[in-house]
Every structure is written in structure tokens, then in C-alpha cells.
Amino acid sequence: FNRTYAPAYYELGRVYLSLAEEDKALGVLKKAVKYAPGEPAYHFELGSAYLEKTKKSPDISYINKAQAEFAQASKLNSRFDIDLTQKIRLKCEEAKHILEK
């Protein structure tokens, strides 16, 4: 257990997401969140991975997990990073549209 690895797990998760490797992204992003639970961007990316997984699987639990991670990212966004706030809002809207289908 080494907290200094959190940024590496986060970046690796982003790479896996860009390659549409959601399962691998979920694995490493969960570690990033575990090691740095106060980092809103990590929760945002984990939520994004769950959202992408939802698009490939009809399992509703993924969308619920995505929404929970987006909510946590928003709560932790104390620096009020406007870019992150916009990204969270857009992902929440995307999740809502998936649920409405």
C-alpha cells in the first residue's frame, strides 16, 4: 500500500479508458481512489469508466456506481475546478440519458 502510486494508477486508468479497456481501467482507477480518496479527478475518471462499462453491459449497477463517483467528485471539488465541474455535469447528463432508454 503506497499512496505515491495513486497518480500512476490514475494515468494508467485514463490510458485504458482511451483504449476502450474499461475492465482494466476500472481495476487501476479503483486503486487510485483507494490510495487517494480525496482526489476528485480520480473519482471522476472512475465514474467515467463505470459509465463506459454501462454502454457495453445492460447491468444497471454500473450506472449507479458511475453516478455515485460523479457525486463524490463533485463533493470533493473544493478548489471549484470549473473544467471538472463541467465534465461532471456532462457525464451526469449522459448517465441520465442511458437510464431513460
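None of the values given here were measured: they were computed from a predicted structure.

## Points about the overall build of the chain
- A count of helices and strands for the chain gives 5 helices and 0 strands.
- Taken from N to C terminus, the helices and strands of the chain fall in the order α-α-α-α-α.
- In terms of C-alpha radius of gyration, the chain reaches 13 Å, essentially the compact-globule figure of 13 Å for 101 residues.
- With the principal axes as the frame, the chain shows a C-alpha extent of 40 × 30 × 20 Å.
- Taken across its 101 residues, the chain has 40% of its residues classed as buried.
- Accessible area for the chain stands at about 6,000 Å²; split by element, carbon and sulfur atoms hold 54% of it.
- Distance between charge centres in the chain, computed from 17 positive and 14 negative side chains, equals 4 Å.

## Digging into the packing of helix α3 (residues 40-56) against helix α5 (residues 82-100)
- Interhelical geometry of α3 versus α5 gives an angle of 25° and a closest axis separation of 11 Å. It follows that α3 is roughly parallel to α5 by the angle criterion. In the packing of α3 onto α5, the handedness of the crossing is left-handed. Residues P40, A41, F44, S48, L51, E52, T54 and K55 of α3 form the contact with α5, whose participating residues are L84, K87, I88, K91, E94, A95 and I98.
- Of the residues contributing to the contact of α3 with α5, the split by class is 8 nonpolar, 2 polar and 5 charged.

## Overview of the packing of helix α4 (residues 60-76) against α5
- The contact between α4 and α5 brings their axes to 10 Å, and the two run at 160°. Here α4 lies roughly antiparallel to α5, going by the angle between them. Note on packing geometry: the crossing formed by α4 with α5 is left-handed. Two secondary-structure elements touch here, α4 through I60, I63, Q67, F70, A73 and S74 and α5 through I88, K91, C92, A95, I98 and L99.

## Side note on the confidence of the model for the chain
- Of all residues in the chain, 96% attain a pLDDT of 70 or more, and the chain-wide mean is 88.
- Element-level pLDDT for the chain is lowest in α5, with a mean of 79, against a maximum mean of 96 in helix α2 (residues 22-35).

## Some points on the environment of K65
- As for its position among the elements, K65 is in helix α4.
- Along the sequence, K65 and T54 sit 11 residues apart, while their C-alpha atoms lie 9.8 Å from each other.

## As for the pattern of salt bridges
- For the structure on display, the rule yields 7 salt bridges.
- Here R14 ties to E11 by a salt bridge, and the two come within 3.9 Å at their closest N and O atoms. Taken together, the residues R14 and E11, both in helix α1 (residues 6-18) and 3 residues apart, mark about one turn of the helix.
- By relative accessible area, R14 is classed as partly exposed at 37%.

Calculation notes
Counting from 1, residues in each chain are numbered in the order their sequence is written. Predicted model: local features are reported for residues with pLDDT of at least 70 only, side-chain atom pairs are reported and counted for 80 or more only, and whole-chain, interface and lining totals are derived from all residues. Heavy atoms throughout the structure, all of them, feed into the side-chain values; hydrogens and water do not. Numbering of helices and strands runs from the N terminus; a helix is a DSSP stretch of H or I covering at least four residues, while a strand is a stretch of E covering at least two. Only C-alpha atoms enter the radius of gyration, while the globule expectation follows 2.2 Å times N to the 0.38, with N the number of residues. Throughout this description, buried means an accessible area under 20% of the type-specific maximum (1.4 Å probe, protein chains only), exposed means over 50%, and partly exposed covers the range between. Here the Shrake-Rupley method, with its probe set to 1.4 Å, supplies the accessible areas, and only the displayed protein chains count as covering residues. Charge counting treats Lys and Arg as positive and Asp and Glu as negative, with His and both chain ends excluded. Think of each charge as sitting on NZ of Lys, CZ of Arg, CG of Asp or CD of Glu. Lines fitted to C-alpha atoms define the axes, with helix axes restricted to the stretch in contact, and inter-axis angles between N-to-C directions lie between 0 and 180 degrees. Our angle categories are set so that under 35 degrees counts as roughly parallel, over 145 as roughly antiparallel, 65 to 115 as roughly perpendicular, and the remainder as oblique. For a crossing to be left-handed, the near helix must be turned anticlockwise from the far one by less than a right angle; the clockwise case is right-handed. By the convention used here, residues are in contact when the closest approach between their heavy atoms is within 4.5 Å. In this classification, the charged set is Asp, Glu, Lys and Arg, the nonpolar set is Ala, Val, Leu, Ile, Met, Phe, Trp, Tyr, Cys and Pro, and all remaining amino acids, among them Gly, are polar. Per-residue confidence from the predictor is given as pLDDT, running between 0 and 100. For this analysis, a salt bridge means a side-chain nitrogen from Lys or Arg found within 4 Å of a carboxyl oxygen belonging to Asp or Glu.

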